[in-house]
Structure formats: C-alpha cells, structure tokens
Amino acid sequence: MTQGILANFHRPAFAMNPRLTIRQQRALCSQLGHVKLKLLYKASIHGFTGAAFHKQCDFQGPTVSVGYNATGYIFGGYTSKPFNQSGQYVPDDRAFLFTFKGEALLKYQVINSNQAVRMIANSGPYFGESLALVNGSQAVVYSNPGNHYNFPPAEMHGNNLQLTDCEVYQVEGEFSELEKPWRSIVWESENELMNSIKTYKPINSSVPQARILLVGPVGAGKSSFFNSINSVFRGHVTSQAIAGCAGTSLTTQFRTYTVKAGREGKPLPIILCDTMGLEESTGAGLDVDDIGNILKGHIPDCYQVQLSLTFLYKMFSCSPGLKDRIHCVVFIIDACKVSIMPTKLEEKLAAVRRRANFIGVPQLVLLTKVDEACPVVAEDLTNVYKSRYIREMAQEASTRLGVPLSCVVPVKNYCEELELDQKCDILLLSAIIQMLRFADNYFDDINDRSSSKKDIDVV
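My aim in this report is to walk through the structure given alongside it, one point at a time. (Residues numbered from 1 in each chain as written. Predicted model: local features only at pLDDT ≥ 70, side-chain atom pairs only at ≥ 80, totals over all residues. Heavy atoms only, no water.)

Looking now at the side chain of His157. Mapped onto the secondary structure, His157 falls in the loop between helix H5 (153-156) and strand E11 (163-173). Apart from the residues lying within four places of it in its own chain, the contact partners of His157 are Asn69, Thr71, Tyr73, Phe75, Ser143 and Phe151. (Helix = DSSP H or I, 4+ residues; strand = E, 2+ residues; numbered from the N terminus. Contact = heavy atoms within 4.5 Å.)

This is the structure:
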C-alpha cells in the first residue's frame, strides 16, 4: 500500500524523498477520491524560484502543494487545474487549502472559486490572493486570508512565513479492475439469501435470536447498516435508527433492533445491537471498559449511554442467560478511512477485540462506503470484488484489526437513495449470512464446552 500511495520518482543523479509521512499522504488522498501522489518538485533540490517550480509542474494536471517552515508547520493547497504561466486567475470549485495538526488534516475550502488559483510566472503555487508558496521566487510564504480562502493564520502556519522547503505532488488515479474477482458472489441470489435468513434457527434451542453487536467509529455507518437491512426486508428505504453526519455519536443509547419480514411480518431470528460510536479522544464516545458488560448481556435495551456504564453494573441483569449475550461482534469500518485511522482509535478497536476474544465471541468486519472509496465500484457495485483498491483496503483492515481477510466483508448502506437496489441488497444480505454463521460458531463452542464439562463431571 505504501508503494501504491507514492510512486517512485527516478532521476539520473538523485532520488527525491517526500517529507510528508505515509499517514499524511493518506489523509490527503482520502480527500481526493483515493489516488496516489507523485513528487514533481522539491524546492530544496530544484530551487526556490518560480522558474524551477513551473519547469517541473506546469501542465501536470491536479496537484497538491506543500510548504514547510522552521516551526514545524506543514500546510498548502490542492487544485484540480494544471499550473501554467498565463498570469490569469483559473476557476476551480474543488480547490482547497489545508494544514496538518499532527497527522490530522484541517481543510479550508475555496470561497471564491472563480479566482481559486492564479498562474504567476515568478512564484510557486499561488492560491487566489490568500496563499502563495515560494512567493516572488523567494523561500517565503504570502498569507492573506479573506475573500478567496479563509483560515486562521496561527493555525495554518503559526505566522511563520519563512519556508524551509516546498513540495508539489501530482495527483494520479490508481483504480483498475482485477482480471478475476478476489471473491465469488452470485448477483441474482437475493430471494435465496432472504429465505435463508428468515428460516435460520440458532443451533442452541435456548436462544430464539442471534444477537449481533455493531461496534465502530463515529460516522462509519452502524445505525445506517441496521436501517439498510430493515429496508431490504421492508421492501423500501427506511430510517428507524438515528443516523447521519456529525462530529460525535448520534447514537446515545444501547439499542437492540429486531428486523421484521415485511411491514407486519414476523421478527427475523436476528437482533442487531447498536451503541455509541468509538471516538479517538479519551473519555469520549463508547467506553471500551464497558464492552465486557455488553457482551455478557448485563446492559438493558434503551439504556442512556453516558461516559461509563461500569458504575451502574450492579443495577443491571446479574445473571443473564445465553439468549441475552452477544453472539457475534461486527466492526463497522469506513472504507474511505481505513488508511488514515488514528492510532488511538485503532488501539480502542484492539481493546474491544481483546475483550471479545477473552469471552470467546467471534468477530466480523464490515467495510462500508465502498462506492465512495472507489470510483470503479461507484460506477458499478458488482465491481466491488474486482476492485484492486477495495481489496487493498480489505487487506489493510484485516491487518489493522488482526482478523483474517475472510472475516472482512464490503457493503454499501442506503444513505441517499429513495429506492432499493438489488446489488446493494445482495451485499447487505450476504453480510447478515456471515454474521449468522459466526453466531453458529459461538453456539458450537458453547455446546462443546458444556459437553466437555458434563464428561468431566461423569468421570
């Protein structure tokens, strides 16, 4: 994946090395439709002059320009338009400025898109009249937030306008199809899949429904996944669970959702359990210390989640039965953000996995938003298992969460559609089938342990 993000740059006399870290490159790529970056210009090598910049970068298509100063700030801009030396303004409604706070990307969208970029011969990258790198062929920054782009100067570059380096990367697409799908799927099997789910029965007679816990970062699509499954069986798009876009979790309760086979149909043999999203910050979102209580069935439906559930543990069910426990944990991960997952969030997911492993609960990973992550898939959802990029993201999710690739399943939730789509349904239903299979693994393990205990007692 590292090689896929930054293409090698070959020169006879030297090789340029990017100053952007891999995570910073990925953060930029995630804003640009998932592409790769090729280093074109490095001021410390080619020179802090407009002529050197234009020689390396003119007519090279979309670019990301990055400035570095002595106080450690990394900032710059993106334009989808190729640079030239016409002296004119170029409109670009996709242009934006950015700065890094650690490895997190802060973005400032263009305000006056008609004058997004200016093509100045004796300057480096020149964004409107707001930001210019290598201004006037000097190792300095021109900074004037306002009508073209608006940003806090202290946040953008710390008010240090002296450059130590400037880089320009060409943005290149990297999407293609595999000759052979990396996983087989029958795209005409919707009725068969629905019937398999309707007729499923847990192999343990004391359990009427398999309970599946959905865990994932804020905005990854946990609640949307339930809504999508509910939509498939209702025959139209529904929105029972609260879902949407927000910086913090919209789900504040521990909720258990039963899916019905039709508007007034019977409940299906599966319960999807939703709770607060995981957040990077300490003390925010779902407290991973309470996952054990949820897995063991101590937490009641509709409990108003606060910072911690632990102190109320004794108020809840102290002797839950097998039917109250979680039988499979499903991690919901945004395919667009796998590569830029913050370290602290990754650590929280690992902590949840450790608790699930300790209790013996099997785990599955759902990759959501695959259509947003890959244009090949957006064009045709049946390309999801032909996409090289989705396969790479599935492999990276497998590595980051420590699960086999066979436990990673790509899906697309219903988010903006008003009508159902068979291809989307089949991916969603296939994911449910895998959850039920994993739940059966859990029941098998419980039964095996129970049999072993009986054998010991007999002896």
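Picking up where we left off.
The side chains of a regular strand alternate between the sheet's two faces. The buried fraction of strand E3 (residues 74-79) is high, at six of six residues. Of the two faces of E3, the one carrying Ile74, Gly76 and Tyr78 and the one carrying Phe75, Gly77 and Thr79 are both buried. Remark: four residues form the turn of the hairpin made by strand E2 (residues 63-69) and E3, two consecutive strands paired antiparallel; Gly72 in that turn has positive phi of roughly 95 degrees. Inspection of the sheet shows E3 paired to strand E5 (residues 96-101) by four bridges, in the antiparallel sense. Counterpart to Gly77 in the pairing with E5 is Leu97. (Buried < 20%, exposed > 50% of the residue type's maximum accessible area, 1.4 Å probe, protein only. Pairing = 2+ DSSP bridges.)

By the definition in use, this model includes zero disulfides. Cys57 takes part in no disulfide bond, and the closest cysteine sulfur to it belongs to Cys166, at a distance of 8.1 Å. (Disulfide = S-S within 2.5 Å.)

Read across the sheet, three strands follow the order E8-E9-E10 without closing on themselves; strand pairing throughout is antiparallel. One side of each edge strand has no neighbouring strand; the edge strands of this open sheet are strand E8 (126-127) and strand E10 (141-143). When strand E9 (residues 131-133) meets E10, the two strands line up antiparallel, connected through three bridges. In the strand pairing of E10, Leu133 is matched with Val141.

Strand order in the open sheet formed by six strands is E1-E11-E2-E3-E5-E6, with antiparallel pairing between adjacent strands. Each end of this open sheet is capped by a strand with a single partner; those strands are strand E1 (35-42) and strand E6 (104-109). On average, adjacent strands in this sheet sit at an angle of 25 degrees to one another, irrespective of strand direction. Relative to E11, E1 is paired through seven bridges, and the arrangement is antiparallel. Within E11, the residue paired with Leu37 across the bridge is Val171. Relative to the sheet, helix H4 (residues 50-57) contacts E1 and E11, its axis offset from that of E1 by approximately 145 degrees. (Axes fitted to C-alpha atoms, helices over the stretch in contact; angles between N-to-C directions.)

We now examine helix H6 (residues 190-198). Along an α-helix, residues three or four apart share an orientation, since each turn contains 3.6 residues. When H6 is considered as a whole, its buried residues turn out to be Glu190, Leu193, Met194 and Ile197. On an axial view of H6, the arc spanned by its buried residues comes to 100 degrees, and they lie on one face. Residues of H6 that are exposed and point more than 90 degrees away from the buried face comprise Asn191 and Glu192. (Arc of directions from axis to C-beta.)

Moving on to the environment of Ile432. Assignment of secondary structure puts Ile432 in helix H13 (residues 422-458). For the pair formed by Ile432 and Ile270, sequence separation is 162 residues and the distance between their alpha carbons is 8.9 Å. For Ile432, the residues in contact, after removing those within four places along its chain, are Ile197, Phe225, Ile229 and Ile270.

Now for the environment of Phe127. Here Phe127 shows up in strand E8. Take Phe127: its relative accessible area is 0%, and that puts it in the buried class. As for Phe127 and Val117, which are separated by 10 residues in sequence, their C-alpha atoms are 4.4 Å apart. Contacts of Phe127, omitting those with residues within four sequence positions, involve Ser65, Gly77, Tyr78, Thr79, Leu97, Ala116, Val117 and Tyr149.

Take the pattern of salt bridges next. If you walk through the whole model with that rule in mind, you get 13 salt bridges. A salt bridge links Glu129 to Arg118; its shortest N-O distance comes to 2.8 Å. Remark: Arg118 occurs in strand E7 (residues 117-118) and Glu129 occurs in the loop between E8 and E9; sequence separation between them is 11 residues. The class of Arg118 is partly exposed, set by a relative accessible area of 26%. A salt bridge links Glu417 to Lys412; its shortest N-O distance comes to 2.4 Å. Its relative accessible area of 11% is what places Lys412 among the buried residues. Within this structure, Arg23, Arg26, Glu346, Glu396 and Arg400 form a network of salt bridges that share partners. (Salt bridge = Lys/Arg side-chain N within 4 Å of Asp/Glu carboxyl O.)

What follows is about the layout of surface pockets. One number sums up the size of the second largest pocket: a volume of about 300 Å³. Forming the boundary of the second largest pocket are 16 residues, of which Ser184, Ile185, Leu193, Ser430 and Gln434 lie nearest the centre. Those elements giving two or more residues to the lining of the second largest pocket turn out to be H6, strand E18 (408-410) and H13. If one sorts the elements of the lining of the second largest pocket by residue count, H13 sits on top with five residues. Its residues assigned to classes, the lining of the second largest pocket shows eight nonpolar, five polar and three charged. (1 Å grid on protein atoms, 1.4 Å probe; cavity = no way out; pocket = protein on both sides within 12 Å on 5 of 7 lines; lining within 4 Å. Points joined across faces, edges and corners; volume = space filled by probe spheres on them. Nonpolar A, V, L, I, M, F, W, Y, C, P; charged D, E, K, R; others polar.)

A positive phi angle is found at Ser137, which is not glycine, with a value near 55 degrees. Looking at where Ser137 falls in the secondary structure, it is placed in the loop between E9 and E10. Overall, the relative accessible area of 24% leaves Ser137 in the partly exposed class. Of note in the backbone geometry, Lys369 takes a positive phi value of approximately 60 degrees without being a glycine.

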